[in-house]
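Residue-level structure breakdown
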Amino acid sequence: MYIFERLRSGQPVPANDPEGHKTREASYATKELLVELNNSSDTARMRDLLGKITGTPIHESTALFTPIYINYGKNTRIGKNVFINFGCTLLDLGGITIEDDVLIGPNVSLLSEGHPVGRGNRHSLRTGHVHIGRNVWLGAGATILPGVTVGENSIVAAGAVVTKNVPADRIVAGIPAKVVGIDR
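First things first, this report covers the structure right here in the doc. (Residues numbered from 1 in each chain as written. Predicted model: local features only at pLDDT ≥ 70, side-chain atom pairs only at ≥ 80, totals over all residues. Heavy atoms only, no water.)

**Let's talk about the overall build of the protein chain**
For clarity, the threshold we go by: Every helix listed is a DSSP run of H or I at least four residues long, and every strand listed is a run of E at least two residues long, numbered separately from the N terminus. Note on method: radius of gyration uses C-alpha positions; expected globular size equals 2.2 Å times residues raised to 0.38. Burial classes follow relative accessibility: with a 1.4 Å probe on protein chains only, a residue under 20% of its type's maximum area counts as buried, one over 50% as exposed, and anything between as partly exposed. Contact between two residues is taken to exist if any of their heavy atoms lie within 4.5 Å; hydrogens are not considered. Per-residue and other accessible areas were derived by the Shrake-Rupley procedure at a 1.4 Å probe size, with only the shown protein chains allowed to occlude residues. In this charge count, Lys and Arg are treated as positive and Asp and Glu as negative; neither His nor the chain ends contribute. Taken as the charge centre is NZ of Lys, CZ of Arg, CG of Asp or CD of Glu, depending on the residue.
Secondary structure assignment for the protein chain yields three helices and 18 strands. Computed over the C-alpha atoms, the radius of gyration of the protein chain is 16 Å, within 12% of the 16 Å expected from 2.2 N^0.38 for a compact globule of 184 residues. The proportion of buried residues among the 184 residues of the protein chain is 46%. Residue pairs at least 24 apart in sequence account for 25% of intrachain contacts in the protein chain once pairs closer than 6 positions are excluded. Summed over its atoms, the accessible surface of the protein chain is roughly 9300 Å², and 54% of this surface lies on carbon and sulfur atoms. The protein chain carries 19 positive and 17 negative side-chain charges, and their two centres are separated by 7 Å.

**A short note on the packing of helix α2 (residues 21–38) against helix α3 (residues 43–54)**
What counts, and what does not: Orientation is described by lines fitted to C-alpha atoms, with helices fitted over the stretch in contact, and by angles between N-to-C directions that extend from 0 to 180 degrees. If an angle is under 35 degrees, it is roughly parallel; if it is over 145, roughly antiparallel; if it lies from 65 to 115, roughly perpendicular; otherwise it is oblique. Any residue outside Ala, Val, Leu, Ile, Met, Phe, Trp, Tyr, Cys, Pro, Asp, Glu, Lys and Arg is labelled polar, Gly included; the first ten of those are nonpolar and the last four are charged.
Two elements in contact, α2 and α3, have axes separated by 9 Å at closest approach and are oriented at 170 degrees. What the angle tells us is that α2 and α3 run roughly antiparallel. Taken together, the residues of α3 that come into contact with α2 (itself represented by T30, L33, L34, E36 and L37) are R45, M46, L49, K52 and I53. Counted by class, the contact of α2 with α3 contains six nonpolar, one polar and three charged residues.

**Considerations on the sheet that holds strand β16 (residues 161–162)**
Through backbone hydrogen bonds, the strands of a sheet pair up, either in parallel or in antiparallel fashion. Rule in force here: Pairing between two strands requires that DSSP report at least two bridges joining them.
Pairing in this open sheet of five strands is parallel, and the strands run β2-β5-β8-β13-β16 from one edge to the other. Edge strands, defined here as strands with exactly one partner in the open sheet, are β2 (68–70) and β16. In this sheet, strand β8 (residues 109–111) lies alongside strand β5 (residues 88–91) in parallel orientation, the contact comprising three bridges. The residue bridging L91 from the neighbouring strand is L111, located in β8.

**Re the side chain of T97**
The cut-off we apply is this: In protein, a polar contact requires one atom able to donate a hydrogen and another able to accept it; more generally it is a pair of N or O atoms within 3.5 Å, and residues adjacent in sequence count only if both atoms are side-chain atoms.
Here T97 shows up in strand β6 (residues 96–98). Polar side-chain contacts of T97 include one of 2.9 Å to the side chain of H129. Apart from residues lying up to four places away in sequence, T97 is in contact with R77, H129, V130, H131 and I132.

**Looking at the nonpolar core**
For the record, the criterion: In this description, a nonpolar core means a group of buried Ala, Val, Leu, Ile, Met, Phe, Trp, Tyr and Cys residues linked to one another through side-chain atoms lying within 4.5 Å.
If you look at the biggest cluster of nonpolar residues, it comprises 35 residues, and the most contacted ones within it are L110, I132 and I144. Mapped by element, the contributors of at least two residues to this core are α2, α3, β2, β5, β6 and β11 (130–132). The next biggest cluster of nonpolar side chains, apart from the first, holds eight residues, and it includes I3, F4, V13 and L125.

Keep in mind these numbers describe shape, not what the thing actually does.
As structure tokens, then:
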């Protein structure tokens, strides 16, 4: 199975994988588009370039403040009426879904990939799909880790590190993030 399919399906990829070089090559191709995107001030052009990076059209109701950092792009899906603020990072080898009406604060990180903790495997990649539900607000500097779903209408406080799924209609804060309220 092709390396990107393995990563998207959550299979760990060892550091010495014979297809490992393909992830770096894809990242460099994405970076070329990011340079143009991050230096543009034309909103339609920015959406067009983001659509080329993700491989899917970006709806005209979605707004983006650059810079944005993306390592692959083809495993990211962005809904309608999404706002992405300055400095966001999307590592999407494991897949990222951002549903409609989401607000993403500055310097938010959506990380669908990481590395095992064990010394012997630390250079391997492990992935988990990140899913941001409808009408979620991710506060400035929040970090969403691999495999996490943030349920619809929830709020992730500024600076929170989300390591586990967040139910719908909740407010989470802290490191690691814990439920601190209900959003009504």
